[in-house]
Amino acid sequence: MGQTLGCYQVDQSNVAIKEHFGKFDDVLQPGCHCLPWCFGYQIAGGLSLRVQQLDVRCETKTKDNVFVTVVASVQYRAVAEKASDAFYRLTNTREQIQSYVFDVIRASVPKLELDAAFEQKNDIAKAVEDELEKAMSTYGYEIVQTLIVDIEPDVNVKRAMNEINAAARMRLAANEKAEAEKILQIKKAEGEAESKYLSGLGIARQRQAIVDGLRDSVLAFSSNVPGTSAKDVMDMVLVTQYFDTMKEIGASSKSSSVFIPHGPGAVKDIAVQIRDGLLQASASQS
């Protein structure tokens, strides 16, 4: 705005209040205006039509007796058609808006618990906006937007909330870890059971193959060598196995010292002991 030789300039997004001998006369829009000050015309002041922002910090407490600081951001502007009301009716617009914000927040937040206050920030902002719009419209101001930008609990309460969350997360992690270990143990046990089952099948099949092989050998030897009995064939097989075992024990470099009876009658004694054991086993099963 500027005044030179009775001409007055109003900048864009602003209006000027013109008075005649101290009485309101007109609202000057942006542009250049003739203002003959010698006839009692003067500019009482200017008013910006731009959107302005006011941040209000209000301390209150919730329904569960937790003290919090609520930060509200109010965006407002003067209405061009009601510029005279906005200029004359309020002496301090920002303090007036702040008082209404305090009143609404301190009436709304104590009805809510702390968690609900965080969840219903938009409802609190809407209540503040409605109250401000109803009150400030009579003074020539428009409420563009009201936001609850932050709710800050007391430092000790915030620390306690963080500890509760941390403990809950640790408990969840411990449960997940225990469940994982349980699954590993179950899978390990299932694997061991399957391994033992397959090992048992292998041993059974091995023994069955040995028995079948011995039977075939006895039958083939008896048919090819007349006058031999099954006992003679078994004695010969035992002798062969005995010497093979002795050979393996002697050839193994990692074998410990083994003392066994050895002599011309040792093989016969071993055959008798094995035969007696088989007969006793058959008798006990019958």
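Residues numbered from 1 in each chain as written. Predicted model: local features only at pLDDT ≥ 70, side-chain atom pairs only at ≥ 80, totals over all residues. Heavy atoms only, no water.

In the annotation of an unreviewed UniProt entry, the chain is listed under the name Band 7 domain-containing protein and assigned to Crotalaria pallida. According to its UniProt record, the chain has this under Subcellular location (unreviewed entry): "Cell membrane". (UniProt positions renumbered as here; feature names shortened; annotations may be inferred.)

Q: How should I be thinking about helix H4 (residues 121-136) in this particular structure?
A: Side chains that are three or four residues apart share a direction in an α-helix, a result of its 3.6 residues per turn. Here H4 contains 16 residues, and its C-alpha end-to-end distance of 22 Å stays within 8% of the 22 Å for a straight helix at 1.5 Å per residue. The complete set of buried residues in H4 reads Ile 124, Ala 125, Val 128, Glu 129, Leu 132, Ala 135 and Met 136. Relative to the axis of H4, the buried residues are bounded by an arc of 140° and lie together on one face. Exposed residues lying more than 90 degrees from the buried face of H4 are Asn 122, Asp 123 and Lys 134. (Helix = DSSP H or I, 4+ residues; strand = E, 2+ residues; numbered from the N terminus. Expected span 1.5 Å × (residues − 1). Buried < 20%, exposed > 50% of the residue type's maximum accessible area, 1.4 Å probe, protein only. Arc of directions from axis to C-beta.)

Q: Could you clarify how one ought to interpret the sheet that holds strand S8 (residues 67-78) in this entry?
A: Pairing is antiparallel in the open sheet, where three strands are placed in the order S7-S8-S9. Every other strand in the sheet has two partners, leaving strand S7 (52-61) and strand S9 (141-153) as the edge strands with one partner each. Averaged over all pairs of adjacent strands, the angle between strand axes in this sheet comes to 20°, irrespective of strand direction. Pairing analysis gives eleven bridges linking S8 to S9, with the strands arranged antiparallel. What sits directly across from Val 68, in S9, is Pro 153. Across the sheet, helix H2 (residues 93-108) touches S7, S8 and S9, and the angle it forms with S7 is around 35°. (Pairing = 2+ DSSP bridges. Axes fitted to C-alpha atoms, helices over the stretch in contact; angles between N-to-C directions. Contact = heavy atoms within 4.5 Å.)

Q: Would you mind showing me how to read the side chain of Thr 62 here?
A: When you line up the elements, Thr 62 lands in the loop between S7 and S8. A residue is classified by how much of its surface remains accessible, and Thr 62, at 2% relative accessible area, is buried. Within polar-contact distance, the side chain of Thr 62 engages the side chain of Asp 64 at 2.4 Å. Those residues within four positions of Thr 62 in sequence are excluded, and the remaining contacts are Val 68, Val 109, Pro 110, Leu 112, Glu 113 and Leu 114. (Polar contact = N/O pair within 3.5 Å; in protein donor to acceptor, adjacent residues only side chain to side chain.)

Q: Help me out: how do you make sense of the state of the cysteines in this one?
A: Under the definition given, this model contains zero disulfides. Residue Cys 7 stays outside any disulfide, its sulfur separated by 4.7 Å from that of Cys 32, the closest cysteine. You can see Cys 34 has no disulfide; the closest cysteine sulfur is in Cys 7, sitting 5.6 Å from it. Looking at Cys 34, the relative accessible area reads 61%, which means it is exposed. (Disulfide = S-S within 2.5 Å.)

Q: What should I look at first to understand the sheet that holds strand S4 (residues 23-28) in this one?
A: If you trace the three strands from one edge of the open sheet to the other, you get S4-S3-S6, paired in antiparallel fashion. Two strands lie at the open edges of the sheet, namely S4 and strand S6 (41-48), each paired on one side alone. In this sheet, neighbouring strand axes are inclined to one another by 30° on average, regardless of whether the strands run parallel or antiparallel. Where strand S3 (residues 14-20) and S6 come together, seven bridges link them in antiparallel fashion. Note that in S6 the partner of Lys 18 across the bridge is Ile 43.

Q: I keep staring at the pairing of S8 and nothing clicks. Help me out?
A: A regular strand carries its side chains on alternate faces of the sheet. Burial runs high along S8: nine of the twelve residues are buried. Pairing of S7 with S8, which is carried by ten bridges, proceeds in the antiparallel orientation. If you follow Thr 60 over to S8, its bridge partner there is Val 68. Taking the residues that link successive antiparallel strands as the turn, the S7-S8 hairpin has five residues, and the phi of Asn 65 there is positive, at about 65°.

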